[in-house]
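A structural walkthrough
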Amino acid sequence: MPAANLQDVVAEIAAEMKARDDRGDVATYIPELGRVDLQQFAIAVIEKDGTLTEGGDCDSFFSIQSVSKVFTLTLALGLAGDRVWNRVGREPSGSRFNSIVQLEYEKGIPRNPFINAGAIAVTDLILSGHQPREALGEILRFMQFLSGEDSVYIDKAVAASEERTGFNNRALANFMKGFGVIDNPVEYVLGVYFHHCAIAMTCRQLAKAGSFLAHLGQNPATGHSVVTPERARRINALMLTCGHYDGSGEFAYRVGLPGKSGVGGGILAIVPGKASVAVWSPGLDASGNSHLGRIALEKLTARMGWSIFGSP
Ligand code: GLN
């Protein structure tokens, strides 16, 4: 069978996803996200040689939410190296993204850096020795640098919306603080966390930002070495096992790629050695992962033979 043409596949997926009726539900627990138009869908693929293939609403900026956790983990590993693993584990949780139950049994140490508790602990590490504004500026500049675009911004309305309603995250942070896992004042840590979740980007920008993970830590567009090959492999391993919370097994089963989702409806997926892919559709499934985003990636990997578990 001749290899499928990526442009055709992306165009077909975009057309099908725009037309489907089953779109999932927007995240209403952050009221500002509840206002996003459910009909939108976008996909962007950046290959190793820099070729960009896009479809759907690719100029729309969306709230990356928990996809930011891949980048805060990358920054924290750069700052603290393996000390990160003293305060956060590397095991899938099998629980919802905002669950508190396992924290009690594991002395306040979150199971992994991609659930809310783990990402809050990672944010605390990045914040240490800085003012919240400096830490946030560093995270935003990192995203702008990786995507090569200064228009990446923090959506203040989304951050304020979560700041008003983030009682569950406050509980997680205070609970960890009680175990001595959080060093800085809880409200500072949460302020930085809510704002980095509120980073807004297009699919093209997100795919570019994740490109280093597809190419052994090096961004092929700039030649810049962001992390070592070993670190890139390990971040991908965590994305595969933990990137979709209690839907991680299902995502690996259906899509077969390392991926990280956010409740804004974005997913970053990595095709090692080949491409970085970002999809966005704001409707979520029961685990809080983009419903059509996952279906689109499943079709993409099937058609292109891109599953890491073997191709036709
Ligand atoms: N900011 C969101 C929260 O803390 C991120 C969750 C997500 O994207 N899964 O609830």
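Going by an unreviewed UniProt entry, the chain carries the name Glutaminase and comes from Jiella flava. UniProt, in its Sequence similarities (unreviewed entry) section for the chain, records the words "Belongs to the glutaminase family." In its Catalytic activity (unreviewed entry) section, the UniProt record describing the chain reads: "L-glutamine + H2O = L-glutamate + NH4(+)".

This part takes up the pairing of strand β2 (residues 52-56). Where strand β1 (residues 42-47) lies against β2, five bridges are found, and the strand directions are antiparallel. Bridging across to β2, V45 finds its partner in T53. Taking the residues that link successive antiparallel strands as the turn, the β1-β2 hairpin has four residues, and the phi of G50 there is positive, at about 90°.

The next point concerns the domain arrangement of the chain. Segmenting the chain into domains produces domain 1 (6-63 + 200-302) and domain 2 (66-197). One C-alpha centre belongs to domain 1, the other to domain 2, and the line joining them spans 20 Å. Elements supplying a minimum of two residues to the side of domain 1 that touches domain 2: β5 (199-201), α9 (203-214), α10 (229-242), β8 (259-261) and β9 (266-271). It is α10 that contributes the most residues to the side of domain 1 that touches domain 2, six residues altogether. When the residues that make up the side of domain 1 that touches domain 2 are grouped by side-chain class, the tally is 19 nonpolar, ten polar and five charged.

Spatially, three strands are ordered β3-β5-β4 in an open sheet, and the strand pairing comes out antiparallel. With partners counted over all chains shown, the strands left at the sheet margins are β3 (62-63) and β4 (153-154), one partner each. One ladder, built from two bridges, connects β3 with β5; its direction is antiparallel. Among the inter-strand pairings, S63 is bridged to a residue of β5, identified as A200.

Now for the environment of A44. Relative to the helices and strands, A44 is located in strand β1. C-alpha of A44 to C-alpha of W280: the two residues are 236 residues apart in sequence and 9.2 Å apart in space. When near neighbours in sequence (up to four residues on either side) are disregarded, A44 contacts L52, E54, C58, C203, R204, A207 and A278.

So, about the nonpolar core. Counting residues in each nonpolar core, the largest one holds 96 residues, and the members touching the most others are I43, V277 and V279. A per-element tally of this core places helix α4 (residues 116-127) first, with eight residues. Those residues within four positions of I43 in sequence are excluded, and the remaining contacts are V10, I13, A14, E54, G55, G56, C203, V279 and A296.

A separate point is unusual backbone geometry. The phi angle at Q65 is positive, at roughly 45°, despite the residue not being glycine. Along the chain, the position of Q65 falls in the loop between β3 and α2 (68-80). For Q65, a count of 24 C-beta atoms within 10 Å gives the class buried.

This part takes up the site of the ligand. Around the ligand, the structure places Q65, S66, F97, N98, N116, E162, N169, C197, G262, V263 and G288. Of the residues in the shell around the ligand, the class split is three nonpolar, seven polar and one charged. Shared between two domains, the shell around the ligand takes at least three residues from each, and those domains are domain 1 (6-63 + 200-302) and domain 2 (66-197).

With that out of the way, let us pick up the sheet that holds β1. Sheet architecture is open: five strands sit in the order β2-β1-β10-β9-β8, paired in antiparallel fashion. Of all strands in the sheet, those with a lone pairing partner are β2 and β8, marking the two edges. In this sheet, neighbouring strand axes are inclined to one another by 10° on average, regardless of whether the strands run parallel or antiparallel. Judged from the three bridges that link them, β8 and β9 form a sheet pairing that is antiparallel.

This brings us to the UniProt feature "binding site: substrate" (unreviewed entry) in the chain. Feature annotation in UniProt places "binding site: substrate" (unreviewed entry) on S66, N116, E162, N169, Y193, Y245 and V263, given in this structure's numbering. With respect to the element layout, E162 can be found in helix α6 (residues 156-165). Every residue in contact with E162, bar those within four places of it in the chain, is listed here: I30, F194, C197 and A198. Position of V263 relative to the elements: it lies in the loop between β8 and β9. Of the residues examined, V263 has 24 C-beta atoms within 10 Å and is grouped as buried. Setting aside residues up to four positions removed in sequence, V263 forms contacts with A27, L33, Q65, S66, L284 and G288.

Turning next to the pairing of β9. Within β9, six of the six residues are buried, which leaves the element mostly enclosed by the surrounding structure. With burial as the criterion, each face of β9 is covered, one bearing G266, L268 and I270 and the other bearing I267, A269 and V271. What sits between β8 and β9 in their antiparallel hairpin is a turn of four residues, with G265 showing a positive phi close to 100°. Bridging between β9 and strand β10 (residues 275-280) involves six bridges; their strand directions are antiparallel. Among the inter-strand pairings, L268 is bridged to a residue of β10, identified as A278.

Quick notes on the rules
Chains are numbered independently. Their residues run from 1 in the order of the written sequence. Reporting of local features is limited, given that this is a predicted model, to residues whose pLDDT is at least 70; pairs of side-chain atoms are given and counted only at 80 or more, and all residues count toward the totals for whole chains, interfaces and linings. UniProt positions are given in the numbering used here, feature names are shortened, and annotations may be inferred rather than shown by experiment. A strand pair is defined by DSSP finding two or more bridges across the two strands. Working definition: helices are DSSP H or I runs of at least four residues, strands are E runs of at least two. Numbering for both runs from the N terminus. For the domain bounds, the source is a domain assignment made automatically or taken from a database. Classification used: nonpolar for Ala, Val, Leu, Ile, Met, Phe, Trp, Tyr, Cys and Pro, charged for Asp, Glu, Lys and Arg, polar for all others including Gly. Whether two residues are in contact is decided by their C-beta atoms, placed from the backbone, lying within 7 Å. Only buried Ala, Val, Leu, Ile, Met, Phe, Trp, Tyr and Cys residues enter a nonpolar core, and they are joined through C-beta atoms within 7 Å. With C-beta atoms placed from the backbone, the exposure class of a residue follows from how many other C-beta atoms lie within 10 Å of its own: 20 or more, buried; 12 or fewer, exposed; in between, partly exposed. As a rule, any residue with its backbone-derived C-beta atom within 6 Å of a molecule or strand is reported as near that molecule or strand. Lines fitted to C-alpha atoms define the axes, with helix axes restricted to the stretch in contact, and inter-axis angles between N-to-C directions lie between 0 and 180 degrees.

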